[in-house]
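Understanding the architecture of this molecule
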Amino acid sequence: MSITPEQVHNRIAMLRAERGISRRELAEALGVHYQTVGYLERGEYSPSLHLALRIAGHFQVPLEVVFSLEEFPRLGALS
């Protein structure tokens, strides 16, 4: 039996877009490669706790605003 790791959902792309920050700019601020930001946004890579905290800190929001084990509701579904 194989164990599949749970996917970590995130709002990184949305937060970047709201603030007008490119992947490269975010990557430079976090000290990671810009492709890492893309992998995170697409859910192809789950961040370490340290990196997750740095991302939340960069956007100045609580960790649970950026990351969740459950999918975030679509913005249009909130109305």
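Conventions and cut-offs
Residues numbered from 1 in each chain as written. Predicted model: local features only at pLDDT ≥ 70, side-chain atom pairs only at ≥ 80, totals over all residues. Heavy atoms only, no water. Helix = DSSP H or I, 4+ residues; strand = E, 2+ residues; numbered from the N terminus. Buried < 20%, exposed > 50% of the residue type's maximum accessible area, 1.4 Å probe, protein only. Contact = heavy atoms within 4.5 Å. 1 Å grid on protein atoms, 1.4 Å probe; cavity = no way out; pocket = protein on both sides within 12 Å on 5 of 7 lines; lining within 4 Å. Points joined across faces, edges and corners; volume = space filled by probe spheres on them. Nonpolar A, V, L, I, M, F, W, Y, C, P; charged D, E, K, R; others polar.

Topic: the environment of valine 32
Inspection of the secondary structure assignment puts valine 32 in the loop between α2 (23-30) and α3 (34-41). Among the residues examined, valine 32 registers a relative accessible area of 26% and is labelled partly exposed. For valine 32 and leucine 51, which are 19 residues apart along the polypeptide, the C-alpha to C-alpha distance reads 9.3 Å. Setting aside anything within four residues of it in sequence, one finds valine 32 in contact with Ala27, Val37, Leu51 and Arg54.

A few points about the layout of surface pockets
Approximately 380 Å³ is the volume attributed to the largest pocket. When residues of the lining of the largest pocket are traced back to their parent elements, those giving at least two are β1 (9-10), α1 (12-19) and α3. Ranked by residues supplied to the lining of the largest pocket, first place goes to α1 with three residues. Looking at the lining of the largest pocket residue by residue, the classes come out as eight nonpolar, four polar and five charged.

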